[in-house]
Amino acid sequence: MKCNELGNPVEYGEIYTSGEEKYRSVNIDGGSTEMIQKEIYHLEEKGIISQDAEIALEIQEILNYNPDELCGLTEKLCRTHGVKLKLFLKGFSQRSYDRLGAGGFEENLKRAEEVMEGIRKSQVDCEIEIVYLLYQFNMCEVHAAAAFVRERKIGFYCRFAAFEDLEMKKKYLALEMPVGDLIRYSEGYFFTYLDELENGEETSYETFRQEKAIQIDGQGNAVLEWYEKEPAERPICSFSDKRELDEYYKENFRAASEEPYAGKVWLWGQCENKNRNELFRV
């Protein structure tokens, strides 16, 4: 794989497979049910996604959603697309939720169960998955969470939690993170990219080669995967066709190739999303 002097890949096609004429995967990280419907309608109307596109709804803050509205959204989306609903757990005790300032554990769990029950009653073909975010202080609760999920016959997926700010990751890699922040974050997070880079970046890039998916954040913006100092966020509904969205992603890739540590920041993100169930034999 061709890389520049900074160790960053320079050929977009070596990272992402060409795929189909339209995008086949859309990952939406929260947002109101009305906003999500608007986003999918726009992508369909403009011919940006295929008719059989898979849609993943990532619901990290379940208490922000009315169960009936969320179930109604999944029912509508299932009429035309394959849908996976990802509900996040940040531990399996009030102690862990207190540590993260994430509110009431029992309240979060009850809301998740209400959503799961509502989808079952609707009898739509929606895959439900619990994503368990691994912190250093909640590993002892994984098996209890897995047992809870197993009883409900849905998917269970452990992955490492990590700070989402790409600039912060770059500072960590460049040894520019303030010592106080480094100590604080190391008490909770795993810095998971290290294991994946043992064989060198080039091997790791090839490992994570993939078909490009559309990523949308909770504000309705098209998420840029590659680190650059001043990314230009754009609402997904501002793109008039697939060609324009393609160029947006490619320009981000080109600009990032000139930024130190951009490749390693990207690899870090891929590593933290890997399934870690085997670590706990669940």
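**Concerning the pairing of strand β4 (residues 82–89)**
- Taken across its eight residues, β4 has six buried, putting it largely inside the fold.
- Pairing between strand β3 (residues 49–59) and β4: six bridges, direction parallel. The partner of A56 across the bridge, within β4, is K84.
- Traced from β3 through helix α3 (residues 67–78) to β4, the parallel crossover comes out right-handed.
- Pairing of β4 with strand β5 (residues 126–134) involves seven bridges; the strand directions are parallel. For K84, the partnering residue across the bridge sits in β5 and is E127.

**Here's the deal with the confidence of the model for the chain**
- Here the chain shows a mean pLDDT of 92. Residues at 70 or above account for 95%.
- Mean pLDDT values over the elements of the chain span from 60, in helix α9 (residues 193–196), up to 98, in strand β9 (residues 221–222).

**Focus on helix α6 (residues 142–151)**
- If you check which residues of α6 are buried, you get V142, A145, A146, F148 and V149. Down the axis of α6, the sector holding all buried residues measures 160°, keeping them to one side. Structural note: α6 exposes R150 and E151 on the side pointing more than 90 degrees away from its buried face.
- The elements touched by buried residues of α6 are α5 (105–122), β5 and β6 (155–160).
- K153 sits one or two positions beyond α6 and adopts a positive phi of about 55°.

**Let's talk about the packing of aromatic side chains**
- The final tally for this structure, using the stated rule, is 20 aromatic pairs.
- Geometrically, the ring pair formed by F92 and F105 is edge-to-face, given 5.1 Å between the ring centres and 70° between the ring planes. Here the residue F92 occupies a position in the loop between β4 and α4 (94–100), and F105 occupies one in helix α5, the gap between them amounting to 13 residues.
- Relative accessible area serves as the criterion here: at 18%, F92 is assigned to the buried category.
- Arranged with centres 5.6 Å apart and planes meeting at 50°, the rings of F92 and F148 form a pair that is tilted. Note that F92 is positioned in the loop between β4 and α4 and F148 in helix α6, a separation of 56 residues in sequence. Residue F92 shares its accessibility class with F148, and that shared class is buried.
- Linked through ring pairs, Y135, F137, F163, Y172, Y185, Y189 and W268 together constitute an aromatic cluster.

**Considering α3**
- Under the 1.5 Å per step criterion, the end-to-end length of α3 is 16 Å for 12 residues, consistent within 8% with the ideal 16 Å.
- Residues of α3 that are buried: P67, L70, C71, L73, T74, L77 and C78. One face of α3 carries all of its buried residues, which in axial projection span an arc of 155°.
- On its buried face, α3 is in contact with α2 (33–45), β3, β4, α5 and β5.
- By the N-cap criterion, in which a side-chain oxygen at the helix start approaches the backbone nitrogen of a residue two or three places on, α3 is capped by N66, the distance to D68 being 2.8 Å.

The rules behind these values
- Residues numbered from 1 in each chain as written.
- Predicted model: local features only at pLDDT ≥ 70, side-chain atom pairs only at ≥ 80, totals over all residues.
- Heavy atoms only, no water.
- Buried < 20%, exposed > 50% of the residue type's maximum accessible area, 1.4 Å probe, protein only.
- Helix = DSSP H or I, 4+ residues; strand = E, 2+ residues; numbered from the N terminus.
- Pairing = 2+ DSSP bridges.
- Right-handed = clockwise from strand over helix to strand, strands pointing away.
- pLDDT = per-residue confidence, 0-100.
- Arc of directions from axis to C-beta.
- Contact = heavy atoms within 4.5 Å.
- Phe/Tyr/Trp six-rings, centres within 6.5 Å; stacked < 30°, edge-to-face > 60°.
- Expected span 1.5 Å × (residues − 1).
- Polar contact = N/O pair within 3.5 Å; in protein donor to acceptor, adjacent residues only side chain to side chain.

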